[in-house]
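Observations on chain architecture
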Amino acid sequence: MNILDKIVSYKKIEVERDKVRTTYSQLEESEYFHRETYSFKDFLLAPERTGIIAEFKRKSPSKGIINDDALVKDVTKDYAEAGASACSVLTDYGFFMGRKMDVTRARRATKVPILRKDFMIDEYQVIEAKSLGADIILLIAAILTPAEIKNLAGLAKSLDLNVLLEVHNLEELERSIDPNLDAIGVNNRNLADFTVSVENSFKLAEHIPNEFMKISESAISDTDTIKQLKAAGFNGFLIGENFMKQQNPGAAMREFVKGL
């Protein structure tokens with residue numbers, strides 16, 4: 001069992017527990033459930049924005065603790081002010097020290113789209129994401145069947161949520177494309193062994209249909225890489241660890257974007 005299998009195994013237990021703790025009706029009574037979400041595409045393509053999806057992440061299975069001192073409301077506010085097109089917020093606790101309320105705290109602090117980043121396997125999590133104040137959900141092709149992707153993406157669109165599909169290779173991409181997706185992200189990190197290579201994005205770029213926004217995720221640590229990815233057709237760039245490993249992630253992003 002690799003780390004991804006282990007995470008999904010725990011996630012199934014967690015979701016069933018959460019369904020007992022908080023009902024669907026309670027989720028739908030949230031102050032954010034009926035809000036109009038931000039358009040991921042509009043913010044990605046806005047000329048005054050950078051295309052960067054700046055991530056708040058305390059820990060990862062491969063690196064351990066990255067930054068457990070920073071406050072999500074401060075970091076995401078700083079990210080948005082530095083030009084982030086969106087903020088990604090990890091909500092998995094067991095492996096990433098994320099908290100669901102981190103999404104709500106980020107929502108209150110910023111006026112850019114918020115991606116709820118988690119291992120989505122159940123309709124409950126999609127409804128929960130909306131209730132927390134998210135604008136975007138992540139669907140990971142490696143852990144979902146085409147039918148599950150279709151179902152979860154369709155539910156997300158009915159709730160006015162944007163959908164980012166994450167793929168790792170051509171096979172996942174070709175079997176997972178669905179009209180309810182807004183963007184397709186190429187994860188440059190192998191979730192089985194956590195090795196990284198931005199070449200993965202360049203390899204898959206021409207295979208992503210042009211009707212979807214193209215996102216490159218992970219292994220981005222310099223502005224030259226972003227310029228090369230833009231030339232290859234990418235619209236967005238998810239960066240987390242490069243900023244979060246600094247004492248002040250927002251300041252790190254402000255310095256980084258000076259090179260764009």
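All values derive from a computational prediction rather than experimental measurement.

Attention now moves to the sheet that holds strand β10 (residues 236–239). Read once around its circumference, the closed barrel built from eight strands follows the order β1-β4-β5-β6-β7-β8-β9-β10, with strand pairing classed as parallel. Strand-to-strand twist across the sheet, computed as the mean angle between neighbouring axes with direction ignored, equals 25°. Taken together, the five bridges between strand β6 (residues 136–140) and strand β7 (residues 162–167) define a ladder with parallel strand orientation. The residue bridging L139 from the neighbouring strand is L165, located in β7. Its contacts with the sheet place helix α7 (residues 123–132) against β5 (114–117) and β6, and it is angled at close to 145° to β5.

Glancing now at unusual backbone geometry. Non-glycine residue S218 carries a positive phi angle of around 75°. In this structure, S218 sits in the loop between β9 (213–217) and α11 (223–231). Since its relative accessible area comes to 15%, S218 is described here as buried. The backbone of A219 sits at a positive phi, close to 65°, despite the residue not being glycine.

This paragraph deals with the nonpolar core. If you look at the biggest cluster of nonpolar residues, it comprises 86 residues, and the most contacted ones within it are I52, Y79, V126, I137, L139, F243 and M253. Every residue in contact with V126, bar those within four places of it in the chain, is listed here: M120, I137, L152, L155, A156, L159 and L161.

Okay, helix α1 (residues 3–21) next. For α1, built from 19 residues, the straight-helix expectation of 27 Å at 1.5 Å per residue is met to within 8% by its first-to-last C-alpha distance of 27 Å. Turning to α1, the residues buried within the fold contact α5 (93–96), α6 (100–109) and α7. The backbone nitrogen of L4 lies 3.0 Å from a side-chain oxygen of the residue at the head of α1, namely N2.

Bringing the side chain of E128 into the picture now. Residue placement: E128 occurs in helix α7. E128 gets classed as buried once you look at its relative accessible area, which sits at 7%. At a separation of 3.0 Å, a polar atom in the side chain of E128 contacts the side chain of R116. In contact with E128, other than residues within four places in its own chain, are D18, L27, K100 and R116.

Here we take up the pairing of strand β1 (residues 52–56). Across the five residues that make up β1, a large majority, five, are buried. Burial along β1 is two-sided: the face carrying I52, A54 and F56 and the face carrying I53 and E55 are both buried. Pairing of β1 with β10, which is carried by three bridges, proceeds in the parallel orientation. The residue of β10 that forms the bridge with A54 is I239. In this structure, β1 lies alongside strand β4 (residues 86–90), joined through four bridges in parallel fashion. For I53, the partnering residue across the bridge sits in β4 and is A86.

Following the criterion strictly, the structure yields 24 salt bridges and no others. Across the pair D102 and R105 runs a salt bridge, and its minimum N-O distance is 3.4 Å. Taken as a pair, D102 and R105 lie in helix α6 at a separation of three residues, close to a single helical turn. Note on R105: relative accessible area 37%, which makes it partly exposed. Here E241 makes a salt bridge to R189, at a shortest N to O gap of 4.0 Å.

This part takes up the environment of K230. Within the fold, K230 resides in helix α11. With relative accessibility at 45%, the residue K230 sits in the partly exposed group. C-alpha separation for the pair K230 and K214, spaced 16 residues apart in sequence, amounts to 9.5 Å. Beyond its immediate stretch of four places on either side in the chain, K230 contacts T50 and F237.

About the cut-offs
- Residues numbered from 1 in each chain as written.
- Predicted model: local features only at pLDDT ≥ 70, side-chain atom pairs only at ≥ 80, totals over all residues.
- Heavy atoms only, no water.
- Pairing = 2+ DSSP bridges.
- Helix = DSSP H or I, 4+ residues; strand = E, 2+ residues; numbered from the N terminus.
- Axes fitted to C-alpha atoms, helices over the stretch in contact; angles between N-to-C directions.
- Contact = heavy atoms within 4.5 Å.
- Buried < 20%, exposed > 50% of the residue type's maximum accessible area, 1.4 Å probe, protein only.
- Core = buried A, V, L, I, M, F, W, Y, C linked by side-chain atoms within 4.5 Å.
- Expected span 1.5 Å × (residues − 1).
- Polar contact = N/O pair within 3.5 Å; in protein donor to acceptor, adjacent residues only side chain to side chain.
- Salt bridge = Lys/Arg side-chain N within 4 Å of Asp/Glu carboxyl O.

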